[in-house]
Amino acid sequence: MTDHPADQSGSRPAGLSTGAAADRPPGPGPDPASPTSPVMVAARIENCGRPPVVADGSSPVPGAGQELVRVLAAPITPLDLLCASGTSYFGTPALPYVPGVQGVGSVDGRLVWFPTAAGMAAGDGSMAELALVRAEDLVDLPAGADPYAMAALGLSAVAAYLALTWRGELARGEQVLVLGGGGVVGQAAIQLARLAGARRVVAAARSERGRQRARWAGADAVVPLGPVTSADDPPVSPQAVTADPRATPEAVAREVEELARRLAAACDGPVDLVLDPLFGVPAAAAARTLRNGGRLVNLGGSASETCPLDSATLRSRSLRLLGYTNNELTREQRAAAITYVAQQSAAGRLRVEHEVMPLAEAADAWRRQAAGTAKGRIVLRTG
Ligand SMILES: NC(=O)c1ccc[n+]([C@@H]2O[C@H](COP(=O)([O-])OP(=O)(O)OC[C@H]3O[C@@H](n4cnc5c(N)ncnc54)[C@H](OP(=O)(O)O)[C@@H]3O)[C@@H](O)[C@H]2O)c1
């Protein structure tokens, strides 16, 4: 694997530039890890559908069974954006709250990964200098682990790993098709499928940048999902990958068929397992590449919440269509998966493209992540 083309981990200045925190005088100031500190800097969602506002606020005080984590790194994930939109199936969150469903930080000199329920249940998350976490939820990370790289991987890599190996029952020597191969789940899935012994890993991605990431992650072949943006790519249908709601069923069926043909051409025979964070037309097309008894694991709807999958494809090959969510994992499963991801990351076998920005720029980072203009996963530097 070559160095990542746009890995900017740790390359940005640490200074605060916006919000009340920016007005603090330089110098050591209060110890943010001390439970007695009067204030901490945090990003807070004040209105659903709007970026967070960075400001000083009260430091949290741990209760029974809780630890106060000095946060180092907090990623902005699709789940954070969805919860803060107020449209998730968890309902509208109580406002204001600190977003961030996961992070990396330190407790008593231990480097730890931690989850939170921010946006899904009452309570604050990781996009702050300090976070309250249940002690039993902390997962120790290997010494020398890169907190930003690990925060970028986090639950996205856990989902990729367990959707492949646990739900998808990936066996050595199998051929895997990874949709959305340029996303964080997709990049991780390409590398994790290889680590699990896949014979061949084919990826599909919408943007040229996504296809570059999938290649960098080690895909044997990468298929464009939508209109091409590079002269090097084979000509494809100019239709959007997400079916236009006004498109006729015949037009959608043609799009599925055309994409299925392109995907199959990149594979060395029937596919054993499809890893699908997209749904929609890509999933319907990918299902057609599966062997008899093949599996498709869906873990997201980045392309569409619905999918024009036809009954003939499903039943004629006795396909297994499976769903996956991290929310179903036991604490032990999640901890074991994070530990595996951290080990692979520390060993240099697992990385995803990410960009590090200071907590003070959380609003800008949030907007860029939501607009899809970030260079991979944005990780806020909170420490
Ligand atoms: N079930 C779970 O437990 C679980 C866990 C983690 C994530 N997820 C879900 O998995 C999905 C992907 O997560 P992620 O972390 O990989 O997100 P991400 O890093 O933001 O990547 C999103 C991916 O979706 C692709 N995409 C977006 N719109 C598309 C469209 N209309 N057609 C085709 N491709 C499209 C993007 O392609 P380009 O880069 O080419 O634009 C990119 O590859 C999300 O829906 C997320 O909520 C689920």
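Our structure's up above, just so we're on the same page.
Residues numbered from 1 in each chain as written. Predicted model: local features only at pLDDT ≥ 70, side-chain atom pairs only at ≥ 80, totals over all residues.

Chemist: I keep staring at the packing of helix α5 (residues 249–266) against helix α6 (residues 280–287) and nothing clicks. Help me out?
Modeler: How two helices pack is summed up by the angle between their axes together with the distance between the axes. At a minimum axis distance of 8 Å, the contact between α5 and α6 shows a crossing angle of 55 degrees. By the angle class used here, α5 and α6 are oblique. Between α5 and α6 lies a crossing of right-handed hand. In this structure, α5 uses V252, E255, V256, L259, A260 and L263 to contact α6, whose residues at the interface are V281, P282, A284, A285 and A286. (Axes fitted to C-alpha atoms, helices over the stretch in contact; angles between N-to-C directions. Helix = DSSP H or I, 4+ residues; strand = E, 2+ residues; numbered from the N terminus. Parallel < 35°, antiparallel > 145°, perpendicular 65-115°, else oblique. Left-handed = near helix turned anticlockwise from the far one by under 90°. Contact = placed C-beta atoms within 7 Å.)

Chemist: I'm lost on the pairing of strand β4 (residues 102–107) in this one. Help?
Modeler: Here three bridges tie strand β3 (residues 66–75) to β4, and the two strands are oriented antiparallel to one another. Looking across to β4, one finds that A73 is bridged to V104. As paired elements, β4 and strand β5 (residues 110–115) share six bridges and run antiparallel to each other. Each bridged residue has a counterpart across the sheet, and for V107 the counterpart in β5 is R110. The loop that links β4 with its antiparallel partner β5 comprises two residues; one of these, D108, has a positive phi angle of about 50 degrees. (Pairing = 2+ DSSP bridges.)

Chemist: Help me out: how do you make sense of the site of the ligand in this one?
Modeler: A159, G183, V185, G210 and G300 are the nearest of the 31 residues found near the ligand. Contributing elements (two or more residues each) for the shell around the ligand: α1 (78–85), α2 (147–167) and α3 (184–195). Here the shell around the ligand is composed, by residue class, of 15 nonpolar, 14 polar and two charged. When residues of the shell around the ligand are assigned to domains, at least three map to each of domain 1 (20–140 + 353–381) and domain 2 (156–326). (Near = placed C-beta within 6 Å. Nonpolar A, V, L, I, M, F, W, Y, C, P; charged D, E, K, R; others polar. Domains from an automatic or database assignment.)

Chemist: What is the right way to read the sheet that holds strand β10 (residues 221–224) from this model?
Modeler: As a general point, the strands of a sheet are linked pairwise by backbone hydrogen bonds and lie either parallel or antiparallel. Strand order across the open sheet formed by six strands is β10-β9-β8-β11-β12-β13, with parallel pairing between neighbours. Edge strands, defined here as strands with exactly one partner in the open sheet, are β10 and β13 (320–323). Here the strands of the sheet are splayed against their neighbours by 20 degrees on average, with no regard to which way each runs. The strands that α2 touches are β11 (271–276), β12 (290–298) and β13; relative to β11, the one it contacts most, it runs at about 145 degrees.

Chemist: Just to check I follow, could you spell out unusual backbone geometry for this structure?
Modeler: Phi is mostly negative for residues that are not glycine, and the peptide bonds are mostly trans. Each neighbour pair has its own omega, and for L95 with P96 the value is -10 degrees, a cis peptide bond. Within the secondary structure, P96 sits in the loop between α1 and β4. With a phi angle near 65 degrees, F279 is a residue other than glycine that sits in the positive phi range. For F279, the position within the fold is in the loop between β11 and α6. You can call F279 buried: it has 23 C-beta atoms within 10 Å. Of note, the phi angle at S318 is positive, near 50 degrees, even though the residue is not glycine. Its place among the elements puts S318 in the loop between α7 (311–316) and β13. (Buried ≥ 20, exposed ≤ 12 C-beta atoms within 10 Å, placed from the backbone.)

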